[in-house]
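# A look at the structure
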Amino acid sequence: MDDLRGKYLAAIADAADESALEDLRLRAVGKKGEVSLKMRELGKMTPEERQQVGPKLNALKDEINSALAARKAVLADAALDERLRTEWLDVTLPSRTRRQGSVHPVSQVTEEVTTIFADMGFAVAEGPQVESDWYNFDALNIPAEHPTRTEMDTFYMARAEGDDRPPHVLRTHTSPVQIRAMQAQGAPIRVIAPGRVYRADYDQTHTPMFHQVEGLALDRDISMANLKWCLEEFCRAFFEVDSVELRFRASHFPFTEPSAEVDLRCSWQGGQLKVGEGDDWMEILGSGMVHPRVLRAGNIDPDEWQGFAFGIGIDRLAMLKYGIPDLRAFFDSDLRWLRHYGFAALDVPTLAGGLSR
Ligand code: DAH
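The sections below set out a description of the structure shown in this document. Predicted, not measured: the structure shown is a model, and the values here were computed from it.

Glancing now at the overall build of the protein chain. Along the backbone of the protein chain there are 12 helices and 10 strands. On C-alpha atoms alone, the protein chain measures out to a radius of gyration of 41 Å, which is more than a quarter above the 21 Å that the 2.2 N^0.38 rule sets for 357 residues. Taking the intrachain contacts of the protein chain between residues at least 6 apart in sequence as the baseline, contacts between residues at least 24 apart amount to 65%. Between the centroid of the 42 positive side chains of the protein chain and the centroid of its 56 negative side chains there is a distance of 11 Å.

This is the structure:
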């Protein structure tokens, strides 16, 4: 009995885990365990022997059971300590800012522009990217021989052989959406039309596909003053500054009369753009009062309605606001670039919450 006792108590003390303990339990006090088998032998003993041996065996069984329980508790404590040691979390660490995907600066700026003009009562209008020659040019007072057609480096679609109609084009600007919106909605009207446009051009500030947003506001008495206010209000909100200074420079577009190109007062210091101060002027858009012929092409009577239109380069705005030097990188799909310049997907720009946090 002393041998059994010594053997099992030592083995229990050494048991490394719960399954080793269970193994020992079965071998010692399980149904066919050594101590249990000894107890069965009690039957064959004389009553005197039994009185002697019985209590000792029972005591041994109890001793082994409590040693098992004690060892089990020690192992459970150790396991918990180990978990506490490895599964800790420092709740004072800052949260991760890296997300799986990010919003492209062009999408971000489009959202910002849309938000600002929506606040001024402009709805969003759309048109096709493959556009007819008439919508892209003629309806905008750009007749067939007008030099603008070649200046714009137009991409022409192919026509079937023998088909002599003018080919469709990849729209060279968002201005044709003005015509489509006028035809569809009539006047009064206030729309903006953001979207892709195409020209055969490629350098640091030109890519064959880029983005513009067109604006159109028609009513009975809309004037150049309304245009100025809208654009100033837009620039203030977009560049998130208290005041901006715009310079309206007389210009020429076939679809507006008078026409103005608009420059923004700014300064460049150490590659950093500051809006509203400094001695530099940055051209940001074209605009003017919609030409009567353009109104007529949109089925609107120029004796009753008048208004302004403008066209802004979205990619240019993104480069300015977010300090991005090369336009070509916008469309390279380089993940490192997207991670650096991209925006978190859930930070939807609002005027109240801030456009670009
Ligand atoms: N469509 C012109 C361009 O792509 C931009 C433009 C100028 C749009 C004057 C207008 C405007 O609506 O009034 O260069």
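Per the counting criterion, the structure on display carries one cavity of 30 Å³ or more. In this structure, the largest cavity encloses a volume near 30 Å³. Surrounding the largest cavity, V177, Q178, A181, V191, I192, A193, E214, G215 and L216 form its lining. Put simply, the parts of the chain that give the lining of the largest cavity at least two residues each are α8 (176-185), β4 (189-198) and β5 (209-219). Class assignment for the residues of the lining of the largest cavity results in six nonpolar, two polar and one charged.

Turning our attention to the site of the ligand. Lining the immediate surroundings of the ligand are 15 residues, of which H173, S175, R199, Q212 and E214 lie closest. At 3.0 Å, a side-chain N or O of H173 approaches a nitrogen atom of the ligand. Contact between the ligand and Q212: an oxygen atom at 2.9 Å from a side-chain N or O atom of the residue. Calculation on the ligand without its partners gives an accessible area of 360 Å², and the protein chains cover 91% of this total. When atoms are counted within 2 Å of each cavity's grid points, the one that captures over half of the ligand is the largest pocket. Tallied by class, the residues present in the shell around the ligand amount to four nonpolar, nine polar and two charged.

With that settled, the discussion passes to the environment of F122. Inspection of the secondary structure puts F122 in the loop between α5 (105-119) and β1 (123-124). In this structure F122 comes out as buried when scored by relative accessible area, which is 6%. Sequence spacing of F122 and D303 is 181 residues, and the spatial spacing of their C-alpha atoms is 23 Å. Setting aside residues up to four positions removed in sequence, F122 forms contacts with F117, R190, V191, I192, L216, A217, C230 and F308.

This part takes up the pattern of salt bridges. Summed over all chains, the structure comprises 20 salt bridges. Close ionic contact of E240 with K321 constitutes a salt bridge, the shortest N to O distance being 2.7 Å. Here the residue E240 occupies a position in the loop between α9 (224-239) and β6 (246-253), and K321 occupies one in helix α11 (residues 314-322), the gap between them amounting to 81 residues. For K321, a relative accessible area of 17% puts it in the buried group. In this structure, the salt-bridge partner of R249 is E283, at a minimum N-O distance of 3.9 Å.

A few words now on the nonpolar core. In terms of nonpolar packing, the biggest core is built from 45 residues, with F234, F308 and F310 touching the most fellow members. With seven residues, α9 is the single largest residue contributor to this core.

Moving on, we get to the pairing of β5. Most of β5 sits inside the fold, with 10 of its 11 residues counted as buried. Of the pairings in the sheet, the one linking β5 to strand β10 (residues 306-313) comprises eight bridges and is antiparallel in character. Opposite Q212, over in β10, you have G313 as the bridge partner.

Before going further, it helps to spend a moment on the state of the cysteines. Here the structure, examined in full by the defined rule, presents zero disulfides. C230 carries a free sulfur, and the closest cysteine sulfur to it, the one in C235, is 11 Å from it. Free of any disulfide, C266 has its nearest neighbouring cysteine sulfur in C235, separated by 11 Å.

Its place among the elements puts H104 in the loop between α4 (47-86) and α5. Counting along the chain gives 237 residues from H104 to Y341, while the straight-line C-alpha distance between them is 7.4 Å. If sequence neighbours within four positions are ignored, H104 has contacts with F330, W337 and L338. Here the side chain of H104 touches V106 through a polar contact of 3.0 Å, landing on its backbone nitrogen.

Conventions we followed
- Residues numbered from 1 in each chain as written.
- Predicted model: local features only at pLDDT ≥ 70, side-chain atom pairs only at ≥ 80, totals over all residues.
- Heavy atoms only, no water.
- Helix = DSSP H or I, 4+ residues; strand = E, 2+ residues; numbered from the N terminus.
- Rg over C-alpha atoms; globule rule 2.2 N^0.38 Å.
- Contact = heavy atoms within 4.5 Å.
- Lys, Arg positive; Asp, Glu negative; His and termini not counted.
- Charge placed at Lys NZ, Arg CZ, Asp CG, Glu CD.
- 1 Å grid on protein atoms, 1.4 Å probe; cavity = no way out; pocket = protein on both sides within 12 Å on 5 of 7 lines; lining within 4 Å.
- Points joined across faces, edges and corners; volume = space filled by probe spheres on them.
- Nonpolar A, V, L, I, M, F, W, Y, C, P; charged D, E, K, R; others polar.
- Near = heavy atom within 4 Å.
- Polar contact = N/O pair within 3.5 Å; in protein donor to acceptor, adjacent residues only side chain to side chain.
- Areas by Shrake-Rupley, 256 points an atom, 1.4 Å probe, with all protein chains shown as cover.
- Sits in = over half its atoms within 2 Å of the grid points.
- Buried < 20%, exposed > 50% of the residue type's maximum accessible area, 1.4 Å probe, protein only.
- Salt bridge = Lys/Arg side-chain N within 4 Å of Asp/Glu carboxyl O.
- Core = buried A, V, L, I, M, F, W, Y, C linked by side-chain atoms within 4.5 Å.
- Pairing = 2+ DSSP bridges.
- Disulfide = S-S within 2.5 Å.

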